[in-house]
Amino acid sequence: MLGRYQSFEARFDHSGRFPGVLYLAPEPDTHFRRLTEAITARWPEHPPFGGQFDDVVPHLTVAQGQDEAVVEKAEADLLTGLPIVAQVSAVDLLVHDGVRWQRRASFPLR
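Predicted model only: the values in this text are computed from it and were never measured.

Participant: Looking at this structure, how should I read the overall build of the chain?
Facilitator: Along its length, the chain carries two helices and six strands. Each of the three principal axes of the chain carries a C-alpha extent, and together these read 40 × 30 × 25 Å. In the chain, which comprises 110 residues, the share counted as buried stands at 21%. Expressed as a percentage of contacts within the chain between residues at least 6 apart in sequence, the contacts between residues at least 24 apart total 61%. When the accessible surface of the chain is totalled, it reaches about 7700 Å², and 53% of it is carbon and sulfur. In the chain, 11 side chains carry a positive charge and 15 a negative one; their mean positions are 9 Å apart.

In structure tokens, the structure reads:
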């Protein structure tokens, strides 16, 4: 199903915050939103983040659950290296085991 989507270039040029989370935001986020919509349509019984959020914001998590001082330092260091540009060529399925995230599968894009 995901193989019908083209690989694409993603540009991360600014950071953002959710409660307890530091992330990089892709611009534009259109490709990520389309992939999320396709996955959600295919498996509606498993919505992103358990359906907690009406709007799933595409992001790349950098730090989660760290002390605020650590997050602020990480963000300051991170911002000096932006923008980050990467080729997105696959969608990885990550599973949280209660301690860490682990890759369960990878689905290549066209």
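Still to come is the rest of the account.
Participant: How should the pairing of strand β5 (residues 90-96) be read in this particular structure?
Facilitator: Side-chain direction in a regular strand flips from residue to residue, so the side chains alternate between the two faces of the sheet. Where β5 lies against strand β6 (residues 101-108), seven bridges are found, and the strand directions are antiparallel. Note on β6: the bridge partner recorded for Val91 is Phe107. Counted between consecutive antiparallel strands, the loop separating β5 from β6 contains four residues, among which Gly98 sits at a positive phi close to 100°.

Participant: Hey, could you run me through the packing of aromatic side chains in this one?
Facilitator: Aromatic ring pairs: the centre-centre distance and the angle between the two ring planes describe each pair. For the coordinates displayed, the defined rule picks out four aromatic pairs. Geometrically, the ring pair formed by Phe8 and Phe32 is edge-to-face, given 5.1 Å between the ring centres and 85° between the ring planes. Of this pair, Phe8 sits in strand β1 (residues 8-18) while Phe32 sits in helix α1 (residues 30-42), and the two are 24 residues apart along the sequence. Judged by relative accessible area, which is 6%, Phe8 ranks as buried. Overall, the relative accessible area of 21% leaves Phe32 in the partly exposed class. Judged by centre distance (6.4 Å) and plane angle (50°), the rings of Phe12 and Phe32 are tilted. Of this pair, Phe12 sits in strand β1 while Phe32 is found in helix α1, placing the two residues 20 residues apart along the sequence. The buried category is assigned to Phe12, whose relative accessible area is 8%.

Reading the values: rules and limits
Residues numbered from 1 in each chain as written. Predicted model: local features only at pLDDT ≥ 70, side-chain atom pairs only at ≥ 80, totals over all residues. Heavy atoms only, no water. Helix = DSSP H or I, 4+ residues; strand = E, 2+ residues; numbered from the N terminus. Buried < 20%, exposed > 50% of the residue type's maximum accessible area, 1.4 Å probe, protein only. Contact = heavy atoms within 4.5 Å. Areas by Shrake-Rupley, 256 points an atom, 1.4 Å probe, with all protein chains shown as cover. Lys, Arg positive; Asp, Glu negative; His and termini not counted. Charge placed at Lys NZ, Arg CZ, Asp CG, Glu CD. Pairing = 2+ DSSP bridges. Phe/Tyr/Trp six-rings, centres within 6.5 Å; stacked < 30°, edge-to-face > 60°.

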